[in-house]
Amino acid sequence: MKTAESPTTTSECSPPNQWISRQPSGTRDLDFQQIRQRRSATWNAALDASVDVTKGGRPDLFLVSVDGDCPANCSLVEHPNGIHAGWCSCEVFQATTVCPHLCIRR
């Protein structure tokens, strides 16, 4: 039973799990130079966004919220050759392998 003193959450976002043991299946190599040129809408959306970034439990893991949306888990590492490998839990990344969350982390 809820009472007037019982707090109720107003957010419809359930916090994602921040602890991932390794880079997830589906991690992709990302060339941000090409992304900036070929996916300028996604790149510019990241530049213009209001962002909240929280460190996860590892150096590559972050919780990224763009413009107040539900936060997404992001994993981003840089290979010695300068190419990045990344993964994001958002639907945009799952559909296109490029998302504002990863562009923000870059």
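Above this text is the structure in question.
Residues numbered from 1 in each chain as written. Predicted model: local features only at pLDDT ≥ 70, side-chain atom pairs only at ≥ 80, totals over all residues. Heavy atoms only, no water.

**Re the overall build of the protein chain**
Then, in step 1: Scanning the protein chain from N- to C-terminus turns up four helices and five strands.
Then, in step 2: Helices and strands in the protein chain line up, N terminus first, as β-α-α-β-β-β-β-α-α.
Then, in step 3: Buried residues in the protein chain amount to 32% of all 106 residues.
Then, in step 4: In the protein chain, the proportion of contacts linking residues at least 24 apart, taken out of those at least 6 apart, comes to 53%.
Then, in step 5: With an accessible surface of roughly 7,100 Å², the protein chain has 48% of that area assigned to carbon and sulfur atoms. (Helix = DSSP H or I, 4+ residues; strand = E, 2+ residues; numbered from the N terminus. Buried < 20%, exposed > 50% of the residue type's maximum accessible area, 1.4 Å probe, protein only. Contact = heavy atoms within 4.5 Å. Areas by Shrake-Rupley, 256 points an atom, 1.4 Å probe, with all protein chains shown as cover.)

**Remarks on the sheet that holds strand β1 (residues 28-30)**
Sheet strands pair via backbone hydrogen bonds, and the direction of the pair is either parallel or antiparallel.
Then, in step 1: Here five strands make up an open sheet; going across it, the order is β1-β5-β4-β3-β2 and the pairing antiparallel. Of all the strands in the sheet, just β1 and β2 (51-55) have a single pairing partner and so form its edges. Going across the sheet, the axis of each strand differs from the next one's by a mean of 35°, ignoring polarity.
Then, in step 2: In this structure, strand β3 (residues 61-66) lies alongside strand β4 (residues 72-78), joined through four bridges in antiparallel fashion. Pairing of Leu63 across the sheet is with Asn73, part of β4. (Pairing = 2+ DSSP bridges. Axes fitted to C-alpha atoms, helices over the stretch in contact; angles between N-to-C directions.)

**Some remarks on unusual backbone geometry**
Then, in step 1: If you check the backbone angles, Asp67 has positive phi at about 50° while not being a glycine.
Then, in step 2: Here Asp67 shows up in the loop between β3 and β4.

**Overview of the nonpolar core**
Then, in step 1: Formed by 21 residues in total, the largest nonpolar core has its most connected members in Phe32, Ile35, Cys88, Phe93, Leu102 and Cys103.
Then, in step 2: Residue assignment for this core shows that the elements contributing at least two residues are α1 (32-38), α2 (40-48), β3, β4, β5 (84-88) and α4 (100-105).
Then, in step 3: Cys103 has contacts with Phe32, Ile35, Thr42, Trp43, Ala46 and Val98, leaving out every residue within four places of it along the chain. (Core = buried A, V, L, I, M, F, W, Y, C linked by side-chain atoms within 4.5 Å.)

Shape descriptors only; they carry no functional weight alone.
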